[in-house]
Amino acid sequence: MKRITTALLMLMVTLPMLAGISMAEKDALVKLYISTNGTQWKNKWDLNAPVNKWFGVKMNGDKVIALDLSNNNLTGQLPAEIGNLVNLQKLKLTRNRIWGAIPASIGNLKELKILNLSFNLMSGSLPVALGDMTKLQSIELFMNQFSGALPNQLGNLKQLKKLSLYNNEFEGELPVALFEMTSLKVLLLNSNKFSGKLDKKVANLTNLEVFSLFDNNLQGQIPFSLEKLNHLKEMNISYNAFSGPVSKNLSDLDALNMTMINQEGLAMNLPVTDKNSALTNEE
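The numbering scheme is per chain: residues are counted from 1 as the chain's sequence reads. In keeping with the model being predicted, local features are shown solely for residues with a pLDDT of at least 70 and side-chain atom pairs are shown and tallied solely at 80 or more, while totals for entire chains, interfaces and linings include all residues. Heavy atoms from the whole structure form the basis of all side-chain values; hydrogens and water molecules are not counted.

## Some remarks on the overall build of the protein
From N to C terminus, the protein includes four helices and 21 strands. Put simply, the radius of gyration uses C-alpha atoms, and a globule should come to 2.2 Å times the residue count raised to 0.38. Taken against the 2.2 N^0.38 rule, which gives 19 Å for 283 residues, the C-alpha radius of gyration of the protein at 24 Å runs more than 25% over that of a compact globule. On the principal axes, the C-alpha backbone points of the protein span a range of 90 × 40 × 25 Å. Each residue is assigned to one of three classes by its accessible area relative to the maximum for its type, calculated with a 1.4 Å probe on protein chains only: buried under 20%, partly exposed between the two thresholds, exposed over 50%. The proportion of buried residues among the 283 residues of the protein is 44%. Put simply, DSSP H or I for four residues or longer makes a helix, DSSP E for two residues or longer makes a strand, and each gets a number counted from the N terminus.

## Focus on the nonpolar core
What we call a nonpolar core is a set of buried Ala, Val, Leu, Ile, Met, Phe, Trp, Tyr and Cys residues that are connected through their side-chain atoms within 4.5 Å. In this structure, L29, L67, F211, I222 and L226 are the most contacted members of the largest nonpolar core, which totals 71 residues. Looking at this core, the elements with two or more residues in it are α2 (23-35) and β2 (63-68). For this core, the element with the most residues is α2, which contributes four residues. With near-sequence residues (within four places) excluded, L29 lies in contact with I21, W45, V51, W54, V57, V64, L67 and L85. Should any heavy atoms of two residues lie within 4.5 Å, those residues are counted as being in contact.

## A short note on the sheet that holds strand β3 (residues 75-76)
The sheet built from eight strands is open, its strands ordered β3-β5-β7-β9-β11-β13-β15-β17 with parallel pairing. Of all the strands in the sheet, just β3 and β17 (241-243) have a single pairing partner and so form its edges. Any two strands between which DSSP finds at least two bridges are classified as paired. Here strand β9 (residues 145-148) runs beside strand β11 (residues 169-172); their pairing, made up of two bridges, is parallel. The partner of S147 across the bridge, within β11, is E169.

## With respect to the layout of surface pockets
Its boundaries defined by the atoms lining it, the largest pocket holds a volume of some 230 Å³. The set of elements that each furnish at least two residues to the lining of the largest pocket consists of β17 and β19 (259-261). Residue contributions to the lining of the largest pocket peak at three residues, all from β17. The distinction between a cavity and a pocket rests on a 1 Å grid over the protein atoms alone: a 1.4 Å probe fits inside a cavity but cannot get out, while a pocket stays open yet meets protein on both sides within 12 Å along at least five of seven lines, and a residue with an atom within 4 Å of a point counts as lining. Grid points are joined across faces, edges and corners, and a volume is the space filled by probe spheres set on the points.

## Here we look at α2
Side chains of residues three or four places apart in an α-helix project in the same direction, reflecting 3.6 residues per turn. Working rule for helices: expected span equals 1.5 Å times residues minus one. Over its 13 residues, α2 runs 18 Å from end to end, which matches the ideal 18 Å to within 8%, given 1.5 Å per residue. All buried positions along α2 are accounted for by E25, A28, L29, L32 and Y33. Buried residues in α2, looked at end-on, bunch into an arc of 135 degrees, giving them a common side. Of the exposed residues in α2, the ones pointing more than 90 degrees away from its buried face are M23 and I34. Its buried side turned inward, α2 meets β1 (57-60) and β2. Two residues or fewer after α2 comes N37, characterised by a positive phi angle close to 60 degrees. In this description, the arc belongs to the directions extending from the helix axis to the C-beta atoms.

## Remarks on the pattern of salt bridges
Every case where a carboxyl oxygen of Asp or Glu lies within 4 Å of a side-chain nitrogen of Lys or Arg is listed as a salt bridge. A full pass over the atoms with the stated rule returns seven salt bridges. A salt bridge links D62 to K63; the nearest nitrogen and oxygen atoms lie 3.4 Å apart. K63 sits in the partly exposed class, given a relative accessible area of 38%. Notably, a salt bridge pairs E180 with K158, separated by 3.8 Å at the nearest N-O pair. Here the residue E180 occupies a position in the loop between β11 and β12 (186-188), and K158 occupies one in the loop between β9 and β10 (162-164), the gap between them amounting to 22 residues. For E180, a relative accessible area of 40% puts it in the partly exposed group. By sharing partners, the salt bridges in this structure join D27, K31 and E81 into a single network.

## Description of the confidence of the model for the protein
Averaged over all residues, the pLDDT of the protein is 91; the fraction at 70 or higher stands at 90%. Every residue carries a pLDDT, the predictor's confidence in it, which falls somewhere between 0 and 100. Contacts from residues 1-19, a stretch scored under 50 in pLDDT, to residues over four places away or in other chains number two contacts. Counting contacts from residues 277-281, a segment whose pLDDT is below 50, to residues more than four positions away or on other chains yields three contacts.

In structure tokens:
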């Protein structure tokens, strides 16, 4: 009887402990609050209140599964401890004044499905650890100051449906691994500094519906294999330095009818040719 009573007492003490958030997760949230000047947020946290009462924090039991602090006047950098929110499925910090790079520790967020850091002041290259987050379905990093080449590891994101990186300073060639993300429906890479050629493997993106490469430095022949993307509804690849003929179908699909910038910096339209003969020439 004494043993049973002792066991019950231990259970009663243990259950409240299990019901609370882990110290690692709470510490990560507090570090985020401090590093982004939480006392000046529009919706502040009472650090003495239970975490499930904190603005923008969503919990499932004792786990933090979502964090949405959009348009909340966060000012500062993301702390490395954000990688301790290992149960997070959604991270949305859009429309703030967050600066600095994405911490490499973000690769620890293996459950993350939605990542939105758009409309901030973030910079630096994308961490290769993004490729470890294989449950990602949406990445929105547009309207920042990110730079450097896209990591090949992005090709590991087989469940990704939306990749929106426009209005940054990304450069270099588009990695072929990008065209291995066959679940993509939206790919927005416009207004960056991408260069090189557009690989004909772009035709692997068979689920693509919206495609934008507008305002970059891409060159060479536009792959006619783009016409194999039967689900494509919107496309804008104008204001690059593409050359050579294009089919009428591709020209009509492009928002600006294939208006390019020539070597003199002048706008010009690419010549439209018969699709069948163009495909034959390409092959």
